[in-house]
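Commentary on secondary and tertiary structure
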Amino acid sequence: MKAVKYGSDGLYLDRNAPIPEFEHDHSVIIRVKAVGICGTDFDIKKGEFPVVDGVILGHEISGAVHKIASGVTDFKQGQRVAINGTRGCTNCYFCNVNKSMFCSKGGASKYYGVVRNGGFAEYMVVDDADLCAIPDDLSFQKASMSEPMSSLLHILDVAPIDDKEQSKVLIIGGGIAGLNILNYLNFIGVKNITLIQRSAHRRKLIADMKFKNVTVVSDTDLHSEYLQNSGNPGWGFDNVIDCSGNTEAIANGIKYLRPAGKLALYGLPSKDVSINMNIYDLMVLEKCITGALYQVNNFKEGVDVLIELSRAGRLDFDNYGVKDYTLDDYEKAFNDLTDRKIIKAFILPST
Amino acid sequence: MKAIKYNKTRGLYMEHNVSIPEIVNSNNVILKMLAAGICGTDLSVSKGSFPVPDDTTLGHELCGVVHKIGSKVKNVTVGQRVAIRPTKGCNSCYFCDTNIPNVCPKGGIIKDRGFGLDGGMAQYILVDDVDVHQIPDDLTSSQAVLIEPLSCLLNAWKISNVASKDHSKVLILGGGIGGFHLLNYLDFIEVKNLTICQRSEDRRKRIEKLGYKNVTVVSDVSLQEEYLKHSEDELWGFDNIIDCTGNPDAIQTAYNYLRPGGRFVIYGCCPANTFIKVPIQDLTFKEKHISGSFLQPYTYGAAVENIVKLARSGRLKLSNYGVQEYSIDDYKSGFADLESRKIIKGILLID
C-alpha cells in the first residue's frame, strides 16, 4: 500500500508498504478515510519532534473498520470511527492520576503517527479500545479533528478558565491550533478573548469570521498595551494559551498574566531553548506556567464536542480555507500550508 | 508602646514611643500582643531584600488577647486569647470574587500586617473582627504563632494539587521552618512518600531524630547523585516539589527532579529580581507545571483547626523543632540566631 513515512532525509512516499496485519485478538484494521496535517507534523519534518525512523506519520485519523480480529465485539465491518492515538493502559500510576500520556505501555509511547504507524496510509492497525464510533452526519475530515479537539479540552483541564464571564483569555497565534481554540471557547461562551496574530493577512481572515467578544491584535500592539499598563496590577490575562511555540512570545506570555494567571504551552518550543523567568514575580503573583501538549482520557469528550460544534454549524470549513489532498499529493499539502494558501489540509488516503 | 520596625536607613530598630492604636471602625478589635513569630521573610525584610514601606512595624504570625472591641464586634469578647489573621482581600474585585484574595491588588500583601500595614511585633495591634480566631486554652501562644505559616503552606499544598496521597512522590526542598512545618503536617495527614532535602547535617539530624515513618531525609548532594544515577530512568523523580528555600539555585537544580506531569510550587520567598531558566520544550513535552504560592486565601480557619490537632497529637513540641522564644526586648538575638541558622524559628514573647 502507499504510505507517507518519516526518514532522516525527510518525508517520503513508500508505494510498497506492507498492509498491516492483526497484532492480537483485539486488533482492528482500518481503511483510513481522512487524516489531518497538524503543526506537529511540521515539527516532525524539521526534526524537532522525535519520531521513530521509518514510521508512517499521521495522528489525526478517522476511517472505516475494514477487518476485525476474533476478540472484537464492539465494532463491525464498515463502521465509521475516529481513532485515539494515545490511549493509556488505565492501570498504572500515571493513568490512575489522569496523566495517561505518560503511561509506559500506552500514552505517548504508543502514539500513532509518531511511535507506531499512523494514518498517512491506506490502511492501519489499531486496538479496538482506540476506536470511537462517529455518526453518519460527521464527515471523516471533521471526525479526524477529534485528536486536536481532545488535546484542546486537555488544556482546559490543566489550566482551567475559572469564570467564563469574567476571565480574560489570551490566545497566542492564529494558526490552526489557535483558531480551533478560539472557535471552541467562543462557542462555549467565554466572553473576553483576545488573540495575537502577527500577520495582518491572517488578522483580517479572523476578523472576517466575525466572532463576537473576540479582539484580534498584533503582537506589537499588545506589547505596547502591556508597557502602557505597567503600573496597573489589574491589567493582564487570567489565561494565556500559547499556540506559537515561539520563545519570545512565551516569555511575554508570562508577563501578560494577571495575578494568579496561568500560561499553558500548547505550541511546541524549539529544543534546548530556555526562558529567563522571574521567580519572585511568579511567586508573589501566584502565576503558573504549564505544558499542555496531549489529550488525557478525554478522547470521547473530544468526539462529542466535535459533533456538537458540527451540528451547530460551527465547523464550516470554507471560512477557514481548507483543502483535501490525495496521498500522492502530500508534498503539495505541506507546501500549501507553509505558503499559507490554506489553514488546514486533510489527506484522504482512500481516494 | 514598643514596636519593632524597619526602615532603609536604620535597618531593624525598636521604637519606644509608638501610640497605642485606638478603635476607629465599629468592627475593629485591639489586641494586646502575646507572641509574634520571626519568619524567613522578616529576615529578608531586615536585610532589605523584601520590600516594605519605611517604618512599618513587622510581625505577621500573631497571637494576642482581646483588649478592646468596636461596637459591632460579636465574635470575640475582651480577655479572650486569639490567633490573628494578618491579611485579607478587598471583597469586591475579580480576585476576591474568585477566591484568591491573597493576590487582590488592593488587599493581599498591600494590607498584610507586618508588611504593608503595621504588624504585631508590638505591644498592641489594631485588626478587624473577621481577622481574629479564638484558640483553646491548651494551645500555647507560641504554638498559635505557627497558624499563619500553616495557612500559607495549606495554600501551597492546595496549589500542588497532589494526585494521590498514597502514590504520589513528594519532595520538600528545605528543612527550615517552612519545609519542616509542611513535612510535619503532610506526615500527619498521611502522605505516604515524602522526601525532604536539607543541606546542613545538623538540621537533617533534628528531623531524623523525630522518627517520621514515611519520610526520607536527604542532602542536596545525595539527591543530585540520585538524579545523575537515574538520568536514563524516565520514571525517576517527584510528582510534586514544594520549594521552601527561597533559593533560586536550589529551585533551578530541583527542576530536573520533576517526573513527567510533575508540579513545582514556589513557596519560599526568593529575593526580588531573581530568575531561573525554564527549558520550555521539556516543560511542554513532559507537561510540567511551575506555580507560585503566596500568602493564604481563606485557609486561615483550616490552619487554626489543624494546629490544634497537631498540638493535641503531640506533634507541636516546639523544643524538638529548633524553635526558640525570646523576649521582645531581645529581638535582635532572635533575628541573629535565625540568620546564623542556630534556630529554625524565633518567637518574640511580648507580654
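Throughout what follows, the structure given in this document is the object of discussion. What you are looking at is a predicted structure, and each value in this text was computed from that prediction instead of being measured.

When its secondary structure is counted, chain B shows 11 helices and 17 strands. A globule of 351 residues ought to have a C-alpha radius of gyration of about 20 Å, and chain B, at 20 Å, matches this closely. Within the span of chain B, comprising 351 residues, buried residues form 60% of the whole. Accessible area of chain B: about 13,900 Å², with a carbon and sulfur share of 48%. One finds the centroid of the 40 positive side-chain charges in chain B at a distance of 2 Å from the centroid of its 39 negative side-chain charges.

Let us now look at the sheet that holds strand β11 (residues 237-242) of chain A. The 12 strands lie next to each other as β10(A)-β9(A)-β8(A)-β11(A)-β12(A)-β14(A)-β15(B)-β13(B)-β12(B)-β9(B)-β10(B)-β11(B), forming an open sheet whose pairing is mixed. The open sheet is flanked by β10 (214-217) of chain A together with β11 (215-218) of chain B, the only strands paired with a single partner. With direction set aside, neighbouring strand axes in the sheet form an average angle of 15 degrees. Two elements, strand β8 (residues 168-172) of chain A and β11 of chain A, share 4 bridges in a ladder whose sense is parallel. Along β11 of chain A, the bridge assignment pairs Val169 of chain A with Asn239 of chain A. Its contacts with the sheet place helix α8 (residues 247-255) of chain A against β8, β11, β12 (257-265) and β14 (288-291) of chain A, and it is angled at close to 150 degrees to β12 of chain A.

Turning our attention to the environment of Ser100 of chain A. Residue and element names in this part refer to chain A. You can see Ser100 is positioned in the loop between α2 (93-96) and β6 (123-127). The exposure class of Ser100 is buried, given its relative accessible area of 1%. For the pair Ser100 and Cys89, spaced 11 residues apart in sequence, the C-alpha separation works out to 7.6 Å.

This part takes up the pairing of strand β12 (residues 238-243) of chain B. All names here are of chain B. Extensive coverage of β12 is indicated by the burial of 6 of its 6 residues. Strand direction decides the pairing type here: strand β9 (residues 169-173) and β12, joined by 4 bridges, are parallel. Note that in β12 the partner of Val170 across the bridge is Asn240. Summarising the sheet, β12 and strand β13 (residues 258-266) pair through 5 bridges and their orientation is parallel. Each bridged residue has a counterpart across the sheet, and for Ile241 the counterpart in β13 is Phe264.

The partner chain A presents 47 residues to the 49 residues of chain B that form the contact. Both faces combined, the contact of chain B with chain A buries some 4,100 Å², and carbon together with sulfur accounts for 66% of it. Contact with chain A buries area across many residues of chain B, yet Tyr94, Phe285 and Glu287 of chain B alone supply 18% of it, more than any other trio. In this assembly, chain B and chain A are joined by 0 salt bridges. Our enumeration of links across chain B and chain A arrives at 21 residue pairs in polar contact (both at pLDDT 80 or more). When grouped by side-chain class, the residues that make up the side of chain B that touches chain A number 27 nonpolar, 15 polar and 7 charged.

Residues and elements named next belong to chain B. Within the open sheet, the 3 strands sit side by side as β2-β1-β4. Their pairing is antiparallel. Taken across any chain shown, the strands that pair with only one partner, and hence form the sheet edges, are β2 (11-15) and β4 (56-57). The sheet contact formed by strand β1 (residues 3-7) and β2 spans 5 bridges and is antiparallel. Residue Tyr6 lies in a different strand from β2, and its bridge partner there is Leu12. The sheet contacts of helix α11 (residues 331-339) involve β1 and β2, and relative to β2 the element is tilted by about 155 degrees.

Further remarks concern the environment of Val28 of chain A. Residues and elements named next belong to chain A. As for its placement among the helices and strands, Val28 is situated in strand β3 (residues 27-36). Distance from Val28 to Val65, taken between C-alpha atoms, is 6.9 Å for residues 37 residues apart in sequence. Those residues in contact with Val28 that lie beyond four places of it in its chain are Val65, Lys67, Ile68, Val72, Met124, Val125, Val126, Asp128 and Leu131.

Calculation notes
- Residues numbered from 1 in each chain as written.
- Chains lettered and ligands numbered in written order.
- Predicted model: local features only at pLDDT ≥ 70, side-chain atom pairs only at ≥ 80, totals over all residues.
- Heavy atoms only, no water.
- Helix = DSSP H or I, 4+ residues; strand = E, 2+ residues; numbered from the N terminus.
- Rg over C-alpha atoms; globule rule 2.2 N^0.38 Å.
- Buried < 20%, exposed > 50% of the residue type's maximum accessible area, 1.4 Å probe, protein only.
- Areas by Shrake-Rupley, 256 points an atom, 1.4 Å probe, with all protein chains shown as cover.
- Lys, Arg positive; Asp, Glu negative; His and termini not counted.
- Charge placed at Lys NZ, Arg CZ, Asp CG, Glu CD.
- Pairing = 2+ DSSP bridges.
- Axes fitted to C-alpha atoms, helices over the stretch in contact; angles between N-to-C directions.
- Contact = heavy atoms within 4.5 Å.
- Buried area = accessible area lost by both parts, 1.4 Å probe.
- Salt bridge = Lys/Arg side-chain N within 4 Å of Asp/Glu carboxyl O.
- Polar contact = N/O pair within 3.5 Å; in protein donor to acceptor, adjacent residues only side chain to side chain.
- Nonpolar A, V, L, I, M, F, W, Y, C, P; charged D, E, K, R; others polar.

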